[in-house]
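A closer look at the structure
Residue strings, one per chain:
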Amino acid sequence: MKFYLRLFTINLKSQMQYKMSFWMTSLGQFVTAFTSFFSIQFIFMQVDAVDQFTYGQVLLCFSVIMMAFSIGEALGGGLASFSYIVNSGNFDRMLIRPRNIIMQIIIPHMDLTRIGLLVQGIIVICLAIPLSGISWNIGKAILLIAMIICGTILFFCLFLIKATVSFFTIESLDFLNIFTYGARQFGRYPLSAYGPKVLWLLTFCVPLALIQYYPLLYLTDRGSSLWYFCAPFLSLIFAFPCYLFFRIGLRSYKSAGS
Amino acid sequence: MIEFQNITKMYRVVKRQAGFGNAVKALFSREYETIHALNNVSFQVADGEIVGYIGPNGAGKSTTIKIMCGILTPDSGNCIVNGRNPWRERTAYVREIGVVFGQRSKLWWDVPIIDSFELFRDMYKIETKVYKKNLEELSTLLDLGELLKTPARNLSLGQRMRCEIAASLLHDPKVLFLDEPTIGLDAVSKIAVRKFIKKINKEHGTTVIITTHDMQDIEALTERVLLIGRGKILLDGNIEELKRRTSTEKRIDIKFVGAPPAICAGMKCQEIKQNQMRISLDPHILSVPDAIAYFAAHTGLTDISVSDISTEEMVAALYKEYDI
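This structure is a prediction, so every number in the text was calculated from the model and none was measured. (Residues numbered from 1 in each chain as written. Chains lettered and ligands numbered in written order. Predicted model: local features only at pLDDT ≥ 70, side-chain atom pairs only at ≥ 80, totals over all residues. Heavy atoms only, no water.)

With that settled, the discussion passes to the overall build of chain B. Counting secondary structure elements, chain B contains 11 helices and 13 strands. Projected onto its principal axes, the C-alpha coordinates of chain B cover approximately 70 × 60 × 40 Å. Contacts in chain B between residues far apart in sequence, at least 24 positions, make up 70% of those at least 6 positions apart. When the accessible surface of chain B is split by element, carbon and sulfur atoms take 50% of a total near 15,700 Å². (Helix = DSSP H or I, 4+ residues; strand = E, 2+ residues; numbered from the N terminus. Contact = heavy atoms within 4.5 Å. Areas by Shrake-Rupley, 256 points an atom, 1.4 Å probe, with all protein chains shown as cover.)

Now for the sheet that holds strand β3 (residues 50–54) of chain B. As a general point, the strands of a sheet are linked pairwise by backbone hydrogen bonds and lie either parallel or antiparallel. Residue and element names in this part refer to chain B. Taken in spatial order, the six strands make up an open sheet running β5-β6-β7-β3-β8-β9, and their pairing is mixed. Two strands close off the open sheet at either side, each with one partner strand: β5 (97–101) and β9 (232–238). Taken pair by pair, the neighbouring strands of this sheet meet at an average axis angle of 15°, ignoring direction. Where strand β6 (residues 175–179) meets strand β7 (residues 207–211), five bridges bridge the pair, whose relative direction is parallel. Along β7, the bridge assignment pairs Leu178 with Ile210. Against the sheet, helix α9 (residues 239–246) touches β8 (224–229) and β9, its axis set at about 110° to β9. (Pairing = 2+ DSSP bridges. Axes fitted to C-alpha atoms, helices over the stretch in contact; angles between N-to-C directions.)

Looking at the secondary structure, you find B:Asn201 in helix α7 (residues 187–204). Beyond its immediate stretch of four places on either side in the chain, B:Asn201 contacts B:Gly48, B:Glu49, B:Ile50, B:Thr206 and B:Val208.

The next thing to look at is the domain arrangement of chain B. Domain boundaries in chain B define domain 1 (46–243) and domain 2 (248–308). Distance between the C-alpha centres of domain 1 of chain B and domain 2 of chain B: 43 Å. (Domains from an automatic or database assignment.)

Residues and elements named next belong to chain B. Across the five residues that make up β6, a large majority, five, are buried. In β6, alternate side chains face the same way, and those of Val175, Phe177 and Asp179 on one face and Leu176 and Leu178 on the other are all buried. Each parallel crossover has a hand, and for β6 linked through α7 to β7 it is right-handed. (Buried < 20%, exposed > 50% of the residue type's maximum accessible area, 1.4 Å probe, protein only. Right-handed = clockwise from strand over helix to strand, strands pointing away.)

Taken as a whole, this structure holds 22 salt bridges over all chains when the rule is applied. B:Asp122 is the salt-bridge partner of A:Lys2, the closest N and O atoms lying 3.7 Å from each other. Remark: B:Asp122 occurs in helix α4 (residues 113–123) and A:Lys2 occurs in helix α1 (residues 2–16); the pair is interchain, linking two chains. For A:Lys2, a relative accessible area of 54% gives the class exposed. Assessed through its relative accessible area of 8%, B:Asp122 is described here as buried. Taking the shortest distance from any N to any O, the salt bridge between A:Asp92 and B:Lys66 comes out at 3.6 Å. In this pair, A:Asp92 sits in helix α6 (residues 91–95) while B:Lys66 sits in helix α2 (residues 61–68), so the two residues belong to two different chains. Grouping residues by exposure puts A:Asp92 and B:Lys66 together as buried. When salt bridges with common partners are traced through the structure, they connect A:Lys2, A:Arg6, B:Glu118, B:Arg121 and B:Asp122 into a single cluster. (Salt bridge = Lys/Arg side-chain N within 4 Å of Asp/Glu carboxyl O.)

What follows covers the sheet that holds strand β10 (residues 250–257) of chain B. Residues and elements named next belong to chain B. Ordered in space as β11-β12-β10-β13, the four strands form an open sheet in which the pairing is antiparallel. The outermost strands of the open sheet, each flanked by one partner alone, are β11 (267–273) and β13 (300–308). Neighbouring strand axes in the sheet, compared pairwise and without regard to direction, differ in orientation by 20° on average. The pairing of β10 with strand β12 (residues 276–281) spans six bridges and is classified as antiparallel. Paired with Lys255 across the two strands is Gln276, which belongs to β12. Packed on one face of the sheet, helix α10 (residues 288–298) meets β10, β11, β12 and β13 and runs near 160° to β13.

So this is what it looks like as structure tokens:
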């Protein structure tokens with residue numbers, strides 16, 4: 001633990017070396033995120049509800065995804081640039097250290113500028129909680145927190161998958177962004193809005209709906225099934241195949257010539 | 001004890017001809033070529049040995065080292081070092097080895113060396129007492145002193161290499177892998193590094209595997225060399241034996257005044273400069289004392305030296321012999 005803390009401090013120091021740049025990037029993150037917020041505003045100037053979800057409820061969706069994504073991306077920043085780590089051969093030196101590989105990838109590369117995105121998420125969720133018209137109780141509060149935490153893990157897993165693919169190919173993998181950045185965009189609205197086929201896909205393949213649509217049904221009293229309450233926790237199962245995929249990728253790591 | 005058993009490692013490399021047309025074609029269909037980086041390679045190294053691993057570029061040296069370090073997983077075969085398998089028990093295994101890649105730094109670029117060392121201390125969970133003792137010993141032997149306070153990026157290559165070697169020995173590894181440790185170093189640093197490796201091997205009984213293109217490294221450090229070419233171990237043996245095996249020829253350098261000497265049977269003139277001559281001698285035809293007597297009698301001889309062929313030449317001859 002001491003080692004990881006030290007590694008983190010080194011990273012923090014080097015990011016803070018350029019203080020101005022750090023705060024400007026964070027501010028930039030904060031401002032750009034407003035564009036998606038406004039797009040929701042504009043849509044609700046035309047309609048009253050999306051798939052029967054009200055303005056406040058959609059905002060709740062939006063902020064949960066935003067927070068989960070920003071924490072997931074801040075943690076998984078090293079995974080996003082992992083293909084660079086592999087292709088430059090820097091991965092070799094992680095492998096000769098007696099420590100967990102994933103921790104070694106993420107800790108020195110955490111992208112703390114995502115705090116801009118997170119702050120926006122927090123502001124929006126503060127607006128949305130009273131606006132959503134949900135009758136809050138302790139169970140629902142726990143569920144909301146679970147949505148954010150499990151969502152963070154889900155986004156982290158998606159970044160992990162993208163990183164793992166760079167073991168197999170050195171090609172550009174931008175199309176995989178559909179699952180990471182794309183998921184953030186989709187997730188702004190309740191996923192049922194995209195039709196049953198997409199909902200099925202986002203339940204059983206990439207379990208985004210488990211941290212968004214189903215718990216939202218429970219929160220808004222559209223369904224009281226225990227399944228809906230447990231959905232975010234079930235999404236954690238997704239982490240196992242992801243980790244397995246990473247282990248398999250590790251075996252076919254080719255290193256760079258020297 | 002290192003056991004490398006029947007290891008095979010293949011790479012698939014995309015084959016593409018030059019030119020724009022072929023580049024476009026490659027977008028749709030690819031031809032792959034399979035390269036046997038290692039083809040059923042086996043060898044053993046006993047504890048406390050220093051082994052030189054030589055071969056031309058692309059022969060499979062780095063692949064072997066990387067497999068032994070747990071970086072690469074071979075396609076087939078098994079490797080046991082200190083009773084462990086490098087890729088199956090990676091974390092437990094790498095705790096007991098030290099690795100130096102001459103071409104790649106393991107120090108943190110922006111922080112003083114001592115900070116990097118402290119990170120290694122936490123990373124390997126080295127006890128404070130052991131760490132202090134090792135740090136002191138290493139900084140005396142490698143003359144680190146002031147360097148410890150300097151960030152890695154401000155060090156010269158030779159200084160940094162000394163720090164790299166120290167960093168890989170902080171945790172008392174049983175086996176030390178050195179991949180071209182003297183590349184790019186000046187003469188003084190090279191000698192210092194060689195001396196140090198020898199000392200560590202002697203005093204701590206550390207097993208050392210070294211790959212290099214610098215034959216002086218091999219000569220100074222190792223008794224046993226492994227020659228690898230096209231993914232196979234071609235030779236495994238003592239360096240003096242190899243020399244004798246490759247060539248029994250002697251080399252004679254003479255300096256003289258006046259006319260150059262005539263050459264007799266068994267000699268071959270290799271180079272002639274003003275007042276200097278290099279001759280290769282086949283001792284089966286003319287013995288060395290006879291040759292010296294011959295020159296003494298027929299030339300205004302001022303200086304003479306007799307030597308075996310150099311390791312460099314021997315290796316070049318071996319590469320040629322095996323066509324690698």
